[in-house]
Amino acid sequence: MAEGYDTNRFHSAVEEGFICAICLGVLQDPMQCENNEHYFCSGCIKKHLEKTSHSCPTCQEKLTVETLRKAPRVVVECVSHYKISCDHATRGCDVVLELGDLQAHVRDCDFMPVSCSNEGCDEVLSKRDVKSHEIELCRFKTTTCDDCGKKMPRHKYGAHMAVYYDVILMK
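Residues numbered from 1 in each chain as written. Predicted model: local features only at pLDDT ≥ 70, side-chain atom pairs only at ≥ 80, totals over all residues. Heavy atoms only, no water.

- In the nomenclature of an unreviewed UniProt entry, the chain corresponds to E3 ubiquitin- ligase NRDP1-like from the organism Paramuricea clavata.

What follows is the structure in structure tokens.
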């Protein structure tokens, strides 16, 4: 899985120098090799060094996790100004914002996937839709029988009432 941002999410061309040579995505938390300042996503280069090699994938010079350096602030700032689509664009969010503002937006995005909290329900909905689902639509919402006081998921209520009335009518 790529650590960098998919270039297709950006609304303008991204300079080649801001593309990770490992995942070919736009740099995420950029790091650089010690001697020649080649840039990589932090996650990509750390995985490369821990699992594959102890050298820079671009220049092949010796490199370890300990000798990695943070990319210069100017690189981080340049990358942070590129316009990107929200992580939840495929769920319907049409917000386009600067990469530097993405994390804050994604945390509060109305299209963030959220699981229904009703026991037994495995629905994953957008944050903006989850409350109405849980209260009005979810078949696993707990309901209470007015006649006997028993609590059960909404989808079992009809069968419960049929059995309950069969028992009452048979008496």
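Don't stop here, the text continues.
**Description of the domain arrangement of the chain**
Here is step 1 of the chain: Assigned domains within the chain: domain 1 (7-82) and domain 2 (113-169).
Here is step 2 of the chain: Computed from C-alpha coordinates alone, the two centres of domain 1 and domain 2 are separated by 50 Å. (Domains from an automatic or database assignment.)

**Concerning unusual backbone geometry**
Here is step 1 of the chain: Of note in the backbone geometry, leucine 24 takes a positive phi value of approximately 65° without being a glycine.
Here is step 2 of the chain: Counting through the fold element by element, leucine 24 comes out in the segment before β1 (30-32).
Here is step 3 of the chain: A relative accessible area of 60% means that leucine 24 is categorised as exposed.
Here is step 4 of the chain: Even without a glycine there, the phi angle at aspartate 29 is positive, about 50°.
Here is step 5 of the chain: Position of aspartate 29 relative to the elements: it lies in the segment before β1. (Helix = DSSP H or I, 4+ residues; strand = E, 2+ residues; numbered from the N terminus. Buried < 20%, exposed > 50% of the residue type's maximum accessible area, 1.4 Å probe, protein only.)

**Looking at helix α2 (residues 73-80)**
Here is step 1 of the chain: Val75, Val79 and Ser80 are the residues of α2 that are buried. The buried residues of α2 occupy an angular sector of 130° when projected down its axis, which confines them to one face. Structural note: α2 exposes Arg73 and Val74 on the side pointing more than 90 degrees away from its buried face.
Here is step 2 of the chain: Where the residues of α2 are buried, they touch β2 (39-41) and β5 (96-98). (Arc of directions from axis to C-beta. Contact = heavy atoms within 4.5 Å.)

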